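# Residue-level structure breakdown
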Amino acid sequence: NAGVTQTPKFQVLKTGQSMTLQCAQDMNHEYMSWYRQDPGMGLRLIHYSVGAGITDQGEVPNGYNVSRSTTEDFPLRLLSAAPSQTSVYFCASSYGPRLAGLTGELFFGEGSRLTVL
Amino acid sequence: AQSVTQLDSHVSVSEGTPVLLRCNYSSSYSPSLFWYVQHPNKGLQLLLKYTSAATLVKGINGFEAEFKKSETSFHLTKPSAHMSDAAEYFCVAVDNYGQNFVFGPGTRLSVLP
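Residues numbered from 1 in each chain as written. Chains lettered and ligands numbered in written order. Predicted model: local features only at pLDDT ≥ 70, side-chain atom pairs only at ≥ 80, totals over all residues. Heavy atoms only, no water.

### Structural notes on the environment of Tyr-36 of chain B
The topology assignment puts Tyr-36 of chain B in strand β5 (residues 32–38). Residue Tyr-36 of chain B is classed as buried on the basis of its relative accessible area of 1%. Engagement of the side chain of Tyr-36 of chain B in a polar contact is seen with the backbone nitrogen of Leu-106 of chain A, the distance being 2.7 Å. (Helix = DSSP H or I, 4+ residues; strand = E, 2+ residues; numbered from the N terminus. Buried < 20%, exposed > 50% of the residue type's maximum accessible area, 1.4 Å probe, protein only. Polar contact = N/O pair within 3.5 Å; in protein donor to acceptor, adjacent residues only side chain to side chain.)

### Some words on the state of the cysteines
Residue and element names in this part refer to chain B. The full count for this structure, using the stated rule, is two disulfides over all chains. Two residues share a disulfide in this structure: Cys-23 and Cys-91, whose sulfurs sit 2.0 Å from each other. Across the S-S bond of Cys-23 and Cys-91 the torsion is about -65 degrees, and the bridge reads as left-handed. One end of the pair, Cys-23, is in the loop between β3 (19–21) and β4 (24–26); the other, Cys-91, is in strand β10 (residues 87–94), with 68 residues separating them in the sequence. A residue is classified by how much of its surface remains accessible, and Cys-23, at 0% relative accessible area, is buried. (Disulfide = S-S within 2.5 Å.)

### As for the pattern of salt bridges
For side chains bearing opposite charge, pairing can occur when the charged atoms are close. Counted under the stated rule, the structure contains six salt bridges over all chains. A salt bridge links Lys-9 of chain A to Glu-110 of chain A; its shortest N-O distance comes to 3.8 Å. Here Lys-9 of chain A, found in the loop between β1 (4–7) and β2 (10–13), pairs with Glu-110 of chain A, found in the loop between β10 (107–108) and β11 (112–116); they are 101 residues apart in sequence, far enough to count as distant. Residue Glu-110 of chain A is classed as exposed on the basis of its relative accessible area of 59%. For the salt bridge of Arg-22 of chain B with Asp-8 of chain B, the shortest nitrogen-to-oxygen distance reads 3.0 Å. Within this pair, whereas Arg-22 of chain B is found in the loop between β3 and β4, its partner Asp-8 of chain B is found in the loop between β1 (3–5) and β2 (10–14), the two being separated by 14 residues in sequence. (Salt bridge = Lys/Arg side-chain N within 4 Å of Asp/Glu carboxyl O.)

Structural data, given as structure tokens:
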């Protein structure tokens, strides 16, 4: 059971380049989300999804796009990278609203460290 | 709207002494609450969770937390700190729909020999 898998683990981009961070989970979770973690600021929600075909913005969505075509995958796209997007990105999943009576915790990937020059 | 406050950004204890990491939440309902631990350059791992079954919750590695509704608190404790406990700890709240996860800013725990 792999859990939540993120790729790549490390990436260096130049300003203006685009890229996609991949996230896949094999636990049949409805809820998937992307966070960024910056020193002294904890984790901030970028985008989330409560099921295939449904996405919504979090606290810091600007500069990022997401889509959810399958239950398993939730890629995060940087359209035109900026130095302010240098961060560690975490994907996380959970059971989600349908099993709210058994509200479960978030399961995290190991993170993707992105540097934008 | 929910919010989570962790009162200490950094806590330093000696090995073998008790640990107390404080967390307070603000919510219009009783949320589910979690503590996560993050070791350097690692992902977040669940320590324990409260989902209204019992107010005193035991987690992994000897940690426990007590939910106190009257104080809107969910403080994390451990009787005796170990060097391996040095990490960042996050208190997290989620609404009844299992959808809106709110993170505290984190507390960095240092354990001195």
